[in-house]
Amino acid sequence: RNNGELVLLEVASRLAGSSAVYRALGINFSSLSIFNAMEIPVEILENNYEVELDRALYNVCKINLKFNHIYIDLDDTIIVDGKVNFDLVAVIYKFINQGKKIHLITKHKFDVNLTLLKYRIKELFDTIIHLQPEDSKADYIKHSDSIFIDDSFAERKEVFVKLNLKVFSVDQTQFL
């Protein structure tokens, strides 16, 4: 102000980004600062292990898309190289939390139920549609308010053309 009175212009407490290393060890500097200001006694329990911090950025998009059903492939989509794609399973749980229905649609060569049990993921799906290799997935998608997730471009293209549904490759699911 012009009259010489001091004015608070900004409150910007800054915590170093690399302090996440200490957070991984069990030390929360933000909480400690608050407790210190409130004069609350604290005790620090620091885990003893090596931590490496990768501060890579990731993308977050908001897509204006309404759907209630997700049809999703198994091989090379949910199971990749003999392991569960945990990033995609996290997206599936996000859909479940939103009340959406998850439909597994697969041409899996083996007993699909045994495979789902092996990987502990059977309960993720509201329905399981096990097709023959010559079947078209587009013929088995019954909900117009659906999206389709598959690693196969040919399968996505067929669903896109026949049903006019939004289709996603595995790498796109991070945007859902």
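Structure: above.
Thresholds, definitions, all that
- Residues numbered from 1 in each chain as written.
- Predicted model: local features only at pLDDT ≥ 70, side-chain atom pairs only at ≥ 80, totals over all residues.
- Heavy atoms only, no water.
- Pairing = 2+ DSSP bridges.
- Helix = DSSP H or I, 4+ residues; strand = E, 2+ residues; numbered from the N terminus.
- Axes fitted to C-alpha atoms, helices over the stretch in contact; angles between N-to-C directions.
- Phe/Tyr/Trp six-rings, centres within 6.5 Å; stacked < 30°, edge-to-face > 60°.
- Buried < 20%, exposed > 50% of the residue type's maximum accessible area, 1.4 Å probe, protein only.
- Lys NZ or Arg CZ within 6 Å of the ring centre and 35° of its normal.
- Patch = residues over 30% accessible without salt bridge, like charges linked within 9 Å, V, L, I, M, F, W, Y side chains within 5 Å.
- Areas by Shrake-Rupley, 256 points an atom, 1.4 Å probe, with all protein chains shown as cover.
- Salt bridge = Lys/Arg side-chain N within 4 Å of Asp/Glu carboxyl O.
- Core = buried A, V, L, I, M, F, W, Y, C linked by side-chain atoms within 4.5 Å.
- Contact = heavy atoms within 4.5 Å.
- Polar contact = N/O pair within 3.5 Å; in protein donor to acceptor, adjacent residues only side chain to side chain.

Another aspect to go through is the sheet that holds strand S7 (residues 166–168). With parallel pairing, five strands are arranged side by side in an open sheet as S5-S4-S1-S6-S7. Looking at which strands have only one partner, the edges of the open sheet turn out to be strand S5 (127–130) and S7. For this sheet, the mean angle separating the axes of adjacent strands, direction not counted, is 20°. Across four bridges, strand S4 (residues 101–106) lies against S5 in parallel orientation. Counterpart to Leu104 in the pairing with S5 is Ile128.

Here we come to the packing of aromatic side chains. Under the criterion given, the structure shown has two aromatic pairs. Aromatic pair Phe67 and Phe95: ring centres 5.5 Å apart, planes at 90°, arrangement edge-to-face. Within this pair, whereas Phe67 is found in the loop between helix H2 (29–37) and strand S1 (69–72), its partner Phe95 is found in helix H3 (residues 86–97), the two being separated by 28 residues in sequence. On the basis of relative accessibility, which here comes to 8%, the residue Phe67 falls in the buried class. Exposure remark for Phe95: the relative accessible area of 1% places this residue in the buried category. If you follow Lys100 out to its NZ or CZ, it ends over the ring of Phe67, 4.5 Å from the centre.

Although it is not a glycine, Arg120 sits at a positive phi angle of roughly 60°. In this structure, Arg120 sits in the loop between helix H4 (112–118) and S5. Since its relative accessible area comes to 78%, Arg120 is described here as exposed.

Turning our attention to a nonpolar patch on the surface. Together, Ile34, Phe35, Met38, Ile40 and Val42 make up an exposed nonpolar region whose accessible area comes to about 450 Å². According to the relative accessible area criterion, Phe35 is partly exposed, its value standing at 34%.

This part takes up the nonpolar core. Within the largest apolar cluster, 23 residues are counted, with the highest numbers of intra-cluster contacts made by Ile72, Ile78 and Phe95. Those elements that place two or more of their residues in this core are S1, H3, S4, H4 and strand S6 (146–149). Broken down by element, this core gets its largest block of residues, five residues, from H3. Apart from residues no more than four positions distant in its own chain, Ile78 is found in contact with Ile72, Asp73, Lys83, Val84, Asn85, Leu88, Val89, Ile92, Leu104, Ile121 and Phe125. The next biggest cluster of nonpolar side chains, apart from the first, holds 10 residues, and it includes Ile105, Leu131, Ala138 and Val159.

What follows is about the pattern of salt bridges. Oppositely charged side chains can pair when the atoms bearing their charge come close. Applying the stated rule across the entire model yields five salt bridges. Note that Lys107 and Glu155 form a salt bridge whose closest N and O atoms lie 3.1 Å from each other. Residue Lys107 is located in the loop between S4 and H4, and its partner Glu155 is located in helix H5 (residues 153–163); the two are separated by 48 residues in the primary sequence. Each of the salt bridges in this network shares a partner with another, and the network as a whole consists of Asp73, Lys137 and Asp150.

Next up on the list: H2. The residue sitting at the N-terminus of H2 and contributing the capping side-chain oxygen is Asn28; that oxygen lies 3.1 Å from the backbone nitrogen of Ser30. A positive backbone phi angle near 60° is found at Glu39, which sits one or two residues after H2.

Moving on to the environment of Asp87. Relative to the helices and strands, Asp87 resides in helix H3. Since its relative accessible area comes to 52%, Asp87 is described here as exposed. Taking the C-alpha atoms as reference points, Asp87 and Val170, 83 residues apart in sequence, are found 9.6 Å from one another.

Spatial relationships are all this shows, so hold off on functional conclusions.
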